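# Results of the structural survey
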Amino acid sequence: MEMAVEIFQNLKTVTQTLFKKTEEIQELLCSKNPYDIRDGLSAIFENIGHGKDFSFYYQKVVNLVASSDLEIKRLVGVIISEYSHKCPDISLLCVSALQRGILNKNHLVRAFSLRVLLHLDSEMFYEIQHQAVVSTITNSSSYVRRISCLGISTLVRTNPDRDDIHTWSEMLRLFLDSESHVKFGMSLDRVWDCVDDYSMLFFAAFGSTS
């Protein structure tokens, strides 16, 4: 009985916390204090986890994509991944910031920007995503290169009707050429995970090699 009461009280506390944060989110997201913004984004994330639709805050979240705070960026990326397919027009607002981020000196910012751009879930972003992969497949950061390689998998899987096999096979070749011998095995595994039709892509990429 005591355990049941404790569980009920915990659930009540969680519900009250979620409700309170829902009431405060608007103010938190507009704050200039990064800790407040993190709290607001975390509240959205928690509510999404409880099955609540918080897409009405999506534009405010998108506006935070250019934040210099890496934790804010991480939370923004998760929420964009969740709602981009529901609000593609609003997602367009963050494309320029993400494209600039891909050119950032900090490889973590480049990686974040590329990852979020590749998670924009709408066919209208295909050409932008395609160009992002092409421009980052030989990036100076191995972390960014691997995200770019996985981007090939994402684009092939989500756009099966597009005939880009020669482009992607060349990207795979460039990716493997850019990796050191020490990392080559791991990189090959990453490539192997990239596409459903391995033989076609690998033949296109390496079939002419003697």
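Residues numbered from 1 in each chain as written. Predicted model: local features only at pLDDT ≥ 70, side-chain atom pairs only at ≥ 80, totals over all residues. Heavy atoms only, no water.

The name that an unreviewed UniProt entry assigns to the protein chain is AP-3 complex subunit beta-1, with the source organism given as Thelohanellus kitauei. UniProt, in its Sequence similarities (unreviewed entry) section for the protein chain, records the words "Belongs to the adaptor complexes large subunit family." Comment text from UniProt for the protein chain, heading Subcellular location (unreviewed entry), reads "Endomembrane system". (UniProt positions renumbered as here; feature names shortened; annotations may be inferred.)

Broken down by element type, the protein chain carries twelve helices and zero strands. For the protein chain, the sequential pattern of α-helices and β-strands runs α-α-α-α-α-α-α-α-α-α-α-α. Scored against the burial criterion, the 210 residues of the protein chain give a buried share of 41%. Put simply, of all contacts in the protein chain between residues at least 6 apart along the chain, 64% involve residues at least 24 apart. (Helix = DSSP H or I, 4+ residues; strand = E, 2+ residues; numbered from the N terminus. Buried < 20%, exposed > 50% of the residue type's maximum accessible area, 1.4 Å probe, protein only. Contact = heavy atoms within 4.5 Å.)

Before going further, it helps to examine the packing of helix H7 (residues 107-118) against helix H9 (residues 142-158). In contact at an axis separation of 9 Å, H7 and H9 are set at 5° when each is read in the N-to-C sense. In terms of their interaxial angle, H7 and H9 are classed as roughly parallel. Listed contacts from H9 to His-107, Leu-108, Arg-110, Ala-111, Leu-114, Arg-115 and Leu-118 of H7 are Tyr-143, Val-144, Ile-147, Ser-148, Gly-151 and Thr-154. In terms of residue class, the contact of H7 with H9 is made up of seven nonpolar, four polar and two charged. (Axes fitted to C-alpha atoms, helices over the stretch in contact; angles between N-to-C directions. Parallel < 35°, antiparallel > 145°, perpendicular 65-115°, else oblique. Nonpolar A, V, L, I, M, F, W, Y, C, P; charged D, E, K, R; others polar.)

Before going further, it helps to examine the side chain of Ser-67. Residue position: Ser-67 is located in the loop between helix H3 (58-62) and helix H4 (70-83). Filtering out sequence-adjacent residues up to four positions away, Ser-67 remains in contact with Ile-72 and Lys-73.

Let's shift gears to the packing of helix H8 (residues 126-136) against H9. The contact between H8 and H9 brings their axes to 9 Å, and the two run at 145°. The crossing of H8 and H9 is left-handed. Only Val-144, Arg-145, Ser-148, Gly-151, Ile-152 and Leu-155 of H9 make contact with H8, whose side of the interface consists of Tyr-126, Gln-129, His-130, Val-133 and Thr-136. The class makeup of the residues in the contact of H8 with H9 is five nonpolar, five polar and one charged. (Left-handed = near helix turned anticlockwise from the far one by under 90°.)

With that settled, the discussion passes to the nonpolar core. Leu-41, Ile-44, Val-65, Val-76, Ile-80, Leu-98 and Leu-120 are the most contacted members of the largest nonpolar core, which has 48 residues in total. Look past the residues within four positions of Ile-80 in its chain and what remains in contact with it is Tyr-58, Val-62, Val-65, Cys-94, Val-116 and Leu-120. (Core = buried A, V, L, I, M, F, W, Y, C linked by side-chain atoms within 4.5 Å.)

Right, let's get into H8. For H8, the complete set of buried residues consists of Tyr-126, Gln-129, His-130, Ala-132, Val-133 and Thr-136. Projection of H8 onto a plane perpendicular to its axis shows the buried side chains occupying an angular sector of 160°, all on one side. (Arc of directions from axis to C-beta.)

Turning to the confidence of the model for the protein chain, a few remarks are in order. Low-pLDDT portions of the prediction should not be read for the details of their coordinates. Overall, the predicted model of the protein chain reaches an average pLDDT of 76, with 71% of residues at or above 70. Segment residues 1-8 is flagged for pLDDT under 50; beyond a separation of four residues in sequence, or across chains, it makes zero contacts in the model. In the model, residues 10-20 has pLDDT below 50 throughout and makes four contacts with residues more than four positions away in sequence or in other chains. (pLDDT = per-residue confidence, 0-100.)

Attention now moves to the packing of aromatic side chains. Applying the stated criterion across every chain, the model contains four aromatic pairs. Within the aromatic cluster, the residues linked to one another by ring pairs are Phe-54, Phe-56 and Tyr-57. (Phe/Tyr/Trp six-rings, centres within 6.5 Å; stacked < 30°, edge-to-face > 60°.)

The next point concerns the pattern of salt bridges. Applying the stated criterion across every chain, the model contains two salt bridges. Put simply, Asp-69 and Arg-38 hold a salt bridge, and the shortest N to O gap is 2.7 Å. With a gap of 31 residues between them, Asp-69 in the loop between H3 and H4 and Arg-38 in helix H2 (residues 34-49) connect regions that are remote in the sequence. Note that Glu-71 and Arg-74 form a salt bridge whose closest N and O atoms lie 2.7 Å from each other. With Glu-71 and Arg-74 both in helix H4 and three residues apart, the pair spans about one turn of that helix. Residue classification places Glu-71 among the partly exposed residues on the basis of a relative accessible area of 29%. (Salt bridge = Lys/Arg side-chain N within 4 Å of Asp/Glu carboxyl O.)

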